[in-house]
Amino acid sequence: MLSKSQFLKYIQCYKYLWLYKFRRDLLPEETDESLQRIFDEGYEVEDYARKLFPKGVKAEGLYETAKKNTDKLIKDGNKVIFQATAMANSLYAMADIFVKNGDKWDIYEVKSSTQVKDIHVIDLSFQKICFESAGYKIGKTHLVVINTSYVRKGKIDPKELLKIEDISSDVRNLISEIKLNIESALKLIKSPKEPQIRILKQCSSPYECPFIDYCWKDVPDHSIYSIACGLSEKKLNELLDQDILEIKDIPEDFLTRDRALMHRHVVKHNKVHIEPDKIKEDLNNLKYPLYFLDYETFSPAIPLFDGYKPYQRIVFQFSLHVQEQPGGKLNHYEFLAKDFKDPTEDLLKALRKFISKKGTAISWNAMFEKGCNSEMAKRAPQYASFLKSVNDSMYDLMLIFRKGYYVHKNFHGSASIKKVLPVLIPKLSYKNLNIQEGGTASDSWKTLIDPDIDKKEKDKLYKDMTDYCGLDTMAMVEILKFLQKI
Ligand code: SF4
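Please read all numbers here as calculations on a predicted model, not as lab measurements. (Residues numbered from 1 in each chain as written. Predicted model: local features only at pLDDT ≥ 70, side-chain atom pairs only at ≥ 80, totals over all residues.)

Peer 1: Give me the packing of helix 1 (residues 4-12) against helix 7 (residues 168-188): which residues, what numbers.
Peer 2: Look at helix 1 against helix 7: their axes get within 10 Å of each other, and the N-to-C directions meet at 95°. On the basis of their axis angle, the class for helix 1 and helix 7 is roughly perpendicular. Where helix 1 abuts helix 7, its residues Phe7, Tyr10 and Ile11 lie against Asn181, Ile182, Ala185 and Leu188. When grouped by side-chain class, the residues that make up the contact of helix 1 with helix 7 number six nonpolar, one polar and no charged. (Axes fitted to C-alpha atoms, helices over the stretch in contact; angles between N-to-C directions. Helix = DSSP H or I, 4+ residues; strand = E, 2+ residues; numbered from the N terminus. Parallel < 35°, antiparallel > 145°, perpendicular 65-115°, else oblique. Contact = placed C-beta atoms within 7 Å. Nonpolar A, V, L, I, M, F, W, Y, C, P; charged D, E, K, R; others polar.)

Following this line, the structure appears as structure tokens:
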């Protein structure tokens, strides 16, 4: 059988479907934590969507069982079925919400997305084809998505949180194309021969493919895929047509952007590019005391607290290293919200104690911290002038690297602190930490504030999270010191 989720894999990349059918042994053993959070969030949104249809009943089970239960619920006269299932002509689909409308059935697909995307139209087209093959008359096809203008006030109101988009005409326009694709996908899963495909953007779009480790095993370290600024699919194809896979082999006149040209230069000549005068000029703007500041945030689809919109960031943690004068002692301050309540006021109260109006706040990718400050100022206006002064003094240390004043081939075309730190300050490493990247730190917060978590686990998580955020600011301290020596 070809299920809907398998067909969507085929649409992303036909090899993805083939590997999924024939080489599941290559899949990672554990589900990625952030992926799991996306799934959990999806289930939560679906629960709210079901509340829009209070008379709905669920067809329990999977495959044959779910199909039989669907048939029975329909026979019993139910007009709204959750997880209605159809199997026909080697196709298998489950509709999130299946609603009787006259002599037809309407399909509602629930997504925790904020807008209709091409992949959603493909998803519903597949469902319509499958249900029609099974003998149902399908009327309208809808997408239930998150309404971004909703602001939580008290209990979540599903009618406000969600909006329903009728995408019937988009689906109608796509049906014949999807039928052709289904035929090809069904042929593919009968073939024992592994298909070949060029590695292009499909590996991470629209979703990260779990077979990357397998397919990318022969991609060299400094490959055309990682050149600074990236290359369009057309340009990647042009290089692959000439069997060019390494940055060093890209013809110079092929690249137009300065950062990409510089990246090619440092890889080809195995040299580090440094512009000391520009670095010095930039760093001359810093005024002591220096406040190395980093926030961690959590952005749930369903707002946790009043005043928040869907996906709006909750700033729940900061790490702050303060240096009063050049070469002076370093003080570290931190805050991490432990309880299930909006942390904005407590966090700002703590932060204001340590940052005065004099000096410079330093962040990495400061647009992020500035944006958080502007949002917090709206929620806590009594801190607005403090947050404005922090933003006015903010210096973005990442820009030294983004502007190409210091380029090392092992940054791999990136200006991320995770790429820069191990090259410049190898003794400081995220590798020794239990939490090694922002996504995990963010996901951990929901667990930390869960009132049911046991104390031992909470204390451990608290330590892991403060270690991670603390290293982010310590990394900036050390990188600045390194640059000042230049
Ligand atoms: S890693 Fe890329 S090429 Fe390989 S199966 Fe996934 S999407 Fe296809």
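After that view of the structure, there is still more to cover.
Peer 1: Describe the site of the ligand, with residues and values.
Peer 2: Around the ligand, a shell composed of Cys13, Lys15, Tyr16, Leu19, Ile197, Ile199, Gln202, Cys203, Cys209, Phe211, Ile212 and Cys215 is seen. Those elements that provide at least two residues to the shell around the ligand are helix 2 (14-22) and helix 8 (212-215). Of all the elements, helix 2 adds the most residues to the shell around the ligand, at three residues. Looking at the shell around the ligand residue by residue, the classes come out as ten nonpolar, one polar and one charged. (Near = placed C-beta within 6 Å.)

Peer 1: With reference to specific residues and values, describe unusual backbone geometry.
Peer 2: Here Ser205 and Pro206 are connected by a cis peptide whose omega angle stands at 5°. When you line up the elements, Pro206 lands in the loop between helix 7 and helix 8. The omega angle of the peptide bond from Tyr288 to Pro289 is 0°, so this bond is cis rather than trans. By secondary structure assignment, the location of Pro289 is in the loop between helix 11 (276-283) and strand 9 (290-298). Of note, the phi angle at Asn89 is positive, near 50°, even though the residue is not glycine. For Asn89, the position within the fold is in the loop between strand 3 (80-88) and strand 4 (91-101). Here Cys229, not a glycine, exhibits a phi torsion of approximately 75°, which is positive. Relative to the elements of secondary structure, Cys229 occurs in the loop between helix 8 and helix 9 (233-241). Residue Cys229 is classed as partly exposed on the basis of its C-beta count, with 13 C-beta atoms lying within 10 Å. (Buried ≥ 20, exposed ≤ 12 C-beta atoms within 10 Å, placed from the backbone.)

Peer 1: Please give an account of the pairing of strand 9 that cites residues and values.
Peer 2: With eight of its nine residues buried, strand 9 lies for the most part within the structure. Sheet topology note: the strand 9/strand 10 (residues 314-323) ladder contains nine bridges and is antiparallel. Of the residues in strand 10, the one forming a bridge with Phe298 is Ile314. (Pairing = 2+ DSSP bridges.)

Peer 1: Account for the environment of Asp118, naming residues and giving values.
Peer 2: Summarising the element assignment, Asp118 is placed in helix 5 (residues 118-133). C-beta crowding within 10 Å serves as the criterion here: with 11 such atoms nearby, Asp118 is assigned to the exposed category. Sequence separation between Asp118 and Val171 is 53 residues, and the spatial gap between their C-alpha atoms is 10.0 Å.

Peer 1: Hey, could you go over the nonpolar core for me, with residue numbers and the actual values?
Peer 2: Across soluble globular proteins, you tend to see nonpolar side chains buried next to one another. By size, the foremost hydrophobic cluster in this structure holds 64 residues, and its most contacted members are Tyr291, Phe292, Ile362, Met465 and Met476. Among the elements that make up this core, the one with the highest residue count is helix 18 (residues 455-485) (ten residues). With residues near it in sequence (within four places) discarded, Tyr291 still touches Leu320, Val322, Ile355, Gly359, Thr360, Ala361 and Ile362. Core analysis: the next-biggest nonpolar cluster, separate from the first, contains 50 residues, Ala49, Leu73, Ile122 and Leu162 among them. (Core = buried A, V, L, I, M, F, W, Y, C linked by C-beta atoms within 7 Å.)

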